[in-house]
Amino acid sequence: MTTEPASATPTIVLVHGAFADSSSWNGVVGKPRAQGYSVIAAANPLRGLDSDAAYIGSVLDGIEGPCVLVGHSYGGSVITVAAAGKASVTALVYIAAFIPAEGESALQLTDKFPGSTLAPTTRPARYPLSDASQGTELYIRQEEYPAQFAADVPVATAELMAATQRPVALAALQEPATAAAWRTMSTFALLATEDKNIPLQAQRFMAERATAHTVEVSASHAVSVSHPGEVSDLIALAATK
């Protein structure tokens, strides 16, 4: 699929989710750049939904012109809040991602339908907070990461992803969304049918509720790594609408 950029060419802003980092977009970046788009793969702090959204909002504020905001996994929750009130955002794109309504958390949406096998594969760790107390963050155990997160990714790549994964604060997954920007923006969703983190039924529910333009791909949760072409095509479509 070849899509020409619109006259007011938006910047594509990619927001990774939990248990990943910005390198999870490496395979996606090339195609939109070849089509003439500027691309930023932002570093999602993964510490708290409101604070993560505020950080991504600051990234948007530093970009001249329109933006297409793309979120994977928990990154979908972040872009949902970050885009609220941002006139520069022309479209939201959700890649195997949470699309929360106001008051919903990522964990709440995960548990809304059966099928996620994520919880038993995670391990908690403690980390210091600014007030000298401690918080809890989660990793996927490295030996279980390939099968849980990236079953259709080459094993060597999945093992590297496991070793370099970014942990997510448990509080971030529990924090409810304070805004739902998809209610007033063009919305697109790619659903990963073999996702073991976010059940397909949950992905369909959220995409239908958001009246998103939706495509389904037979892929693991790490669909941006295993199927970057399909991800890039949906982003390009969103950028021209």
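Colleague: Explain empty space enclosed by the protein residue by residue, including any values.
Modeller: Taken as a whole and judged by the stated rule, the model has one cavity of 30 Å³ or more. As for the largest cavity, its lining consists of A20, S24, H72, F149, M161, A222, S224 and V225.

Colleague: I'd love a proper account of the pattern of salt bridges, names of residues and values included.
Modeller: Any two side chains of opposite charge can pair if their charged atoms end up close together. Under the criterion given, the structure shown has seven salt bridges. The salt bridge partner of D61 is K86, with a shortest N-O separation of 2.7 Å. Of this pair, D61 sits in helix α2 (residues 49-61) while K86 sits in the loop between α3 (74-82) and β4 (89-97), placing them 25 residues apart in sequence. Judged by relative accessible area, D61 falls into the exposed class, the value being 57%. E144 is the salt-bridge partner of R141, the closest N and O atoms lying 2.8 Å from each other.

Colleague: Could you give an account of the packing of aromatic side chains, with specific residues and numbers?
Modeller: Counting across every chain of the model gives two aromatic pairs. Their ring planes at 55 degrees and their centres at 5.6 Å tell us that F113 and F205 sit as a pair that is tilted. Of this pair, F113 sits in the loop between α4 (106-111) and β5 (122-128) while F205 sits in helix α8 (residues 200-209), and the two are 92 residues apart along the sequence. By relative accessible area, which is 26% here, F205 ends up partly exposed. R123 extends its terminal NZ or CZ atom over the ring of Y139, reaching a point 4.4 Å from the ring centre.

Colleague: Hey, could you go over the side chain of D52 for me, with residue numbers and the actual values?
Modeller: Mapped onto the elements of the fold, D52 is located in helix α2. Buried charge D52 goes without a salt bridge, the closest partner of opposite sign being R47 at 6.3 Å. Dropping the residues within four chain positions of it, D52 is found in contact with N44, P45, L46, R47, Y74, V78 and A172.

Colleague: Residue-level account of helix α6 (residues 155-164), with values.
Modeller: Buried residues of α6: A158, M161 and A162, and no others. For α6, the arc enclosing every buried residue in end-on projection is 100 degrees, short of the 170-degree limit, so these residues lie on one face. Those residues of α6 that are exposed and angled more than 90 degrees off the buried face are A156 and L160.

Colleague: Let's hear about the layout of surface pockets: which residues, and what values?
Modeller: Taken as a whole, the largest pocket spans an internal volume of roughly 300 Å³. In terms of lining, the largest pocket is formed by 20 residues, of which the most central are L107, T110, L118, A119 and L173. For the lining of the largest pocket, the secondary-structure elements that each account for two or more residues are α4 and α7 (170-174). Element by element, the count of residues in the lining of the largest pocket is highest for α4, at four residues.

Colleague: Describe helix α1 (residues 26-34), and please don't skip the residues or the numbers.
Modeller: Restricting attention to buried positions, one finds in α1 the residues V28, V29 and P32. Looking straight down α1, one finds that the buried residues subtend no more than 105 degrees of arc, so they occupy a single side. Exposed residues on α1 whose side chains face more than 90 degrees from its buried face are N26 and A34.

Colleague: Can you break down the pairing of strand β6 (residues 134-140) residue by residue, with the values?
Modeller: Judged from the seven bridges that link them, β5 and β6 form a sheet pairing that is antiparallel. Residue pairing for β6: R126 is matched across the bridge by T136. Pairing of β6 with strand β7 (residues 168-169), which is carried by two bridges, proceeds in the antiparallel orientation. Following the sheet pairing, L138 is matched in β7 by V168.

Colleague: Can you explain the sheet that holds strand β8 (residues 186-192)? Please cite residues and give values.
Modeller: In a beta sheet, neighbouring strands are held together by backbone hydrogen bonds and run either parallel or antiparallel to one another. The sheet built from six strands is open, its strands ordered β2-β1-β3-β4-β8-β9 with parallel pairing. Each having just a single partner strand, β2 (39-42) and β9 (213-217) make up the two edges of the open sheet. Taking each pair of neighbouring strands and ignoring which way they run, the sheet shows an average axis angle of 15 degrees. Along the sheet, α8 makes contact with β4, β8 and β9, crossing β8 at roughly 170 degrees. Packing of helix α10 (residues 228-240) onto the sheet brings it into contact with β1 (11-15), β3 (67-73), β4, β8 and β9, and relative to β8 it is tilted by some 170 degrees.

Colleague: Let's hear about the sheet that holds β7: which residues, and what values?
Modeller: Across the sheet, three strands lie side by side as β5-β6-β7; this open sheet has antiparallel pairing. In this open sheet, the two strands that pair with only one neighbour each are β5 and β7.

How each quantity is defined
- Numbers given for residues are sequential positions, taken from 1 along each chain in its written order.
- At least 70 in pLDDT is required for a residue's local features to be given in this predicted model, at least 80 for side-chain atom pairs to be given and counted, and no such filter applies to totals for whole chains, interfaces and linings, which use all residues.
- With hydrogens and water set aside, each side-chain value is computed from the structure's full complement of heavy atoms.
- Grid points spaced at 1 Å over the protein atoms alone were grouped into cavities, where a 1.4 Å probe fits but cannot get out, and pockets, open sets with protein on both sides within 12 Å along at least five of seven lines, with lining residues defined by an atom within 4 Å of a point.
- Grid points are joined across faces, edges and corners, and a volume is the space filled by probe spheres set on the points.
- Any Lys or Arg side-chain nitrogen found within 4 Å of a carboxyl oxygen on Asp or Glu counts as a salt bridge.
- Secondary structure elements are defined from DSSP: runs of H or I of at least 4 residues count as helices, runs of E of at least 2 residues count as strands, and each element is numbered from the N terminus.
- Here the term buried applies to any residue with accessible area under 20% of the maximum for its type, exposed to any over 50%, and partly exposed to those in between, with areas from a 1.4 Å probe on protein chains only.
- Aromatic rings from Phe, Tyr and Trp, with only the six-membered ring used for Trp, were paired whenever their centres fell within 6.5 Å, and each pair was classed as stacked if the ring planes differed by under 30 degrees, edge-to-face if by over 60, and tilted otherwise.
- Put simply, a charge is over a ring when the Lys NZ or the Arg CZ is close to the ring centre, within 6 Å, and near the line of the ring normal, within 35 degrees.
- When charges are counted, Lys and Arg are positive and Asp and Glu negative, with His and the chain ends excluded.
- By definition in these notes, contact holds between two residues if any of their heavy atoms fall within 4.5 Å.
- Note that the arc is computed from the directions linking the helix axis to the C-beta atoms.
- A pair of strands is treated as paired once DSSP finds two or more bridges between them.
- Axes here refer to lines fitted to C-alpha atoms; in helices the fit is confined to the stretch in contact. Angles between the N-to-C directions go from 0 to 180 degrees.

Fair warning: the whole summary comes from geometry, so function is off the table for now.
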